[in-house]
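Listed below, chain by chain, are the residues.
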Amino acid sequence: MGDYVVVLEAPIIVRDVETSEDAINVAVSKVAKALNKEKLDFVRVEIGYSQCPVCGAHFESAFVIGSVGLVGMYLTIKVYNAQTIEHAERIAKAVIGKALKKVPLKVYEIRELTEEDEGNGVELE
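Calculation notes
- Residues numbered from 1 in each chain as written.
- Predicted model: local features only at pLDDT ≥ 70, side-chain atom pairs only at ≥ 80, totals over all residues.
- Heavy atoms only, no water.
- Helix = DSSP H or I, 4+ residues; strand = E, 2+ residues; numbered from the N terminus.
- Buried < 20%, exposed > 50% of the residue type's maximum accessible area, 1.4 Å probe, protein only.
- Contact = heavy atoms within 4.5 Å.
- Areas by Shrake-Rupley, 256 points an atom, 1.4 Å probe, with all protein chains shown as cover.
- Lys, Arg positive; Asp, Glu negative; His and termini not counted.
- Charge placed at Lys NZ, Arg CZ, Asp CG, Glu CD.
- 1 Å grid on protein atoms, 1.4 Å probe; cavity = no way out; pocket = protein on both sides within 12 Å on 5 of 7 lines; lining within 4 Å.
- Points joined across faces, edges and corners; volume = space filled by probe spheres on them.
- Disulfide = S-S within 2.5 Å.
- Polar contact = N/O pair within 3.5 Å; in protein donor to acceptor, adjacent residues only side chain to side chain.
- Pairing = 2+ DSSP bridges.

A. Representation of the overall build of the chain within the structure. Broken down by element type, the chain carries two helices and eight strands. When the backbone C-alpha atoms are referred to their principal axes, the chain occupies close to 50 × 35 × 25 Å. By residue count, 37% of the 125 residues in the chain fall in the buried class. Pairs at least 24 apart in sequence give 76% of the contacts found in the chain among residues at least 6 apart. On the chain, roughly 7,800 Å² of surface is accessible, and the fraction owed to carbon and sulfur atoms is 50%. Across the chain, the centroid of the 14 positively charged side chains sits 10 Å from that of the 20 negatively charged ones.

B. Representation of the layout of surface pockets. Size it by volume and the largest pocket reaches roughly 180 Å³. Along its surface, the largest pocket is lined by P11, I12, I13, K30, V31, A34, A99, L100, K101, K102, V103 and P104. Elements with a contribution of two residues or more to the lining of the largest pocket: β1 (2-15) and α1 (20-37).

C. Geometry of the state of the cysteines. Evaluation of the coordinates by the stated rule reveals zero disulfides. Cysteine C52 shares no disulfide, and the gap to the nearest cysteine sulfur, in C55, comes to 3.5 Å.

D. Up close: the side chain of S61. One can find S61 in the loop between β4 (58-60) and β5 (62-65). A relative accessible area of 8% places S61 in the buried class. Here S50 takes part through its side chain, which lies 2.5 Å from a polar atom of the side chain of S61. When near neighbours in sequence (up to four residues on either side) are disregarded, S61 contacts I47, G48, Y49, S50, L70, V71 and G72.

E. Structural context of the side chain of H87. Looking at the element boundaries, H87 is found in helix α2 (residues 85-99). Within polar-contact distance, the side chain of H87 engages the backbone nitrogen of Q83 at 3.0 Å.

F. Examining the pairing of β1 more closely. Relative to strand β6 (residues 68-82), β1 runs antiparallel, the two being bridged by 13 bridges. Directly across from I12, in β6, lies its bridge partner V71. Where β1 lies against strand β7 (residues 106-112), six bridges are found, and the strand directions are antiparallel. The residue of β7 that forms the bridge with L8 is V107.

Take a look at the structure:
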């Protein structure tokens with residue numbers, strides 16, 4: 001049994017926004033509201049970053065076209081007592097997917113939990 005930190009990527013679509021800052025604010029609020037409704041306040045929500053294919057610079061993953069925004073987000077959860085890395089992935093997707101229905105979740109990173117990462121998370125018995 002192992003303890004893992006699982007980071008999932010999620011694309012969030014928001015409507016009626018004018019700028020990428022507006023899109024980010026609305027997306028964070030939308031995701032936080034959905035997670036809090038399911039009592040998942042231990043999931044860390046962060047804005048994703050993309051890399052410019054030309055210059056290589058990093059920028060926030062928020063794009064607005066015609067008042068519709070797409071915001072890339074990272075959702076981090078700690079999973080305790082998972083049997084394998086794949087098991088930790090399935091647990092994270094199930095727990096977060098319960099709150100974010102119809103949002104495709106993709107694994108960005110999975111790593112073993114260290115002492116500095118300890119805190120709230122999901123534990124299986």
